[in-house]
Structures are given as structure tokens and as C-alpha cells.
Amino acid sequence: MKQEKQINFEDAMNQLEDVVSQLENGDVPLEKAIDLFQKGMQLSQLCSQKLAQVERKIEMIVENDGDIEKKSFAPQSEESGDSLG
């Protein structure tokens, strides 16, 4: 059995962008489009899993940093403030 899921997040995202680009172009035969869609779904799942792993690692780092409470990772732009307008 061949396992090709040992790619990093950036490679998976690049491959996913390529798949999306090919599908958006619309110049692929139906069977190839189905194969591309399936590959895209697998890459999307892989990226999602890798992001979840990173989120858990961030939570563990924050939790293990002494008196800081465990918090879920939510990207925020603290420097620019909460509102853009």
C-alpha cells in the first residue's frame, strides 16, 4: 500500500490550489474532473487535520506556560485594533 500523506501543509495547499485552478479552468474531461475533485477533497482534509494539530500544539504551549490559561487559538489583529472603520 502506498502512503502519500506525508507531505507538509504548504505542499498540500499548493497542490490543492493547483487542483482548484484546473477545475475552474473547465478544460478537463469529466473523469479527470472527478479524479481532481476527489484529490482536492483529500488534500482539503489533510490541510484541515494539520491545522487542527497545530491548534492543539498552540493550546498545549499556552497551557504549559505557567499561569496562563488554556485558550483556543483564534487569530486576532491586536495591533490594528478590533475595528477597521
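Structural data are supplied above this passage.
Throughout what follows, the structure given in this document is the object of discussion.

1. Observations regarding the nonpolar core
Within soluble globular proteins, side chains that are nonpolar tend to cluster in buried spots. Counting residues in hydrophobic clusters, the biggest one holds eight residues: Ile7, Ala12, Leu16, Val19, Leu36, Leu43, Leu46 and Cys47. Breaking this core down by element, the ones donating at least two residues are α1 (9-25) and α2 (30-63). Once residues within four sequence positions are removed from consideration, Ala12 is found in contact with Ile7, Leu43, Leu46 and Cys47.

2. Digging into α1
Along its 17 residues, α1 runs 24 Å from first to last C-alpha, staying within 8% of the 24 Å computed at 1.5 Å per residue. Here α1 has its buried residues at Ala12, Leu16 and Val19. Buried residues of α1 fall within an arc of 60° about the axis and therefore sit on the same side. Opposite the buried face of α1, by more than 90 degrees, sit the exposed residues Glu24 and Asn25. Check the buried side of α1 and you find it contacts α2. The distance from a side-chain oxygen at the start of α1 to the backbone nitrogen of Glu10 is 3.2 Å, and the residue carrying that oxygen is Asn8.

Cut-offs applied
Residues numbered from 1 in each chain as written. Predicted model: local features only at pLDDT ≥ 70, side-chain atom pairs only at ≥ 80, totals over all residues. Heavy atoms only, no water. Core = buried A, V, L, I, M, F, W, Y, C linked by side-chain atoms within 4.5 Å. Buried < 20%, exposed > 50% of the residue type's maximum accessible area, 1.4 Å probe, protein only. Helix = DSSP H or I, 4+ residues; strand = E, 2+ residues; numbered from the N terminus. Contact = heavy atoms within 4.5 Å. Expected span 1.5 Å × (residues − 1). Arc of directions from axis to C-beta. Polar contact = N/O pair within 3.5 Å; in protein donor to acceptor, adjacent residues only side chain to side chain.

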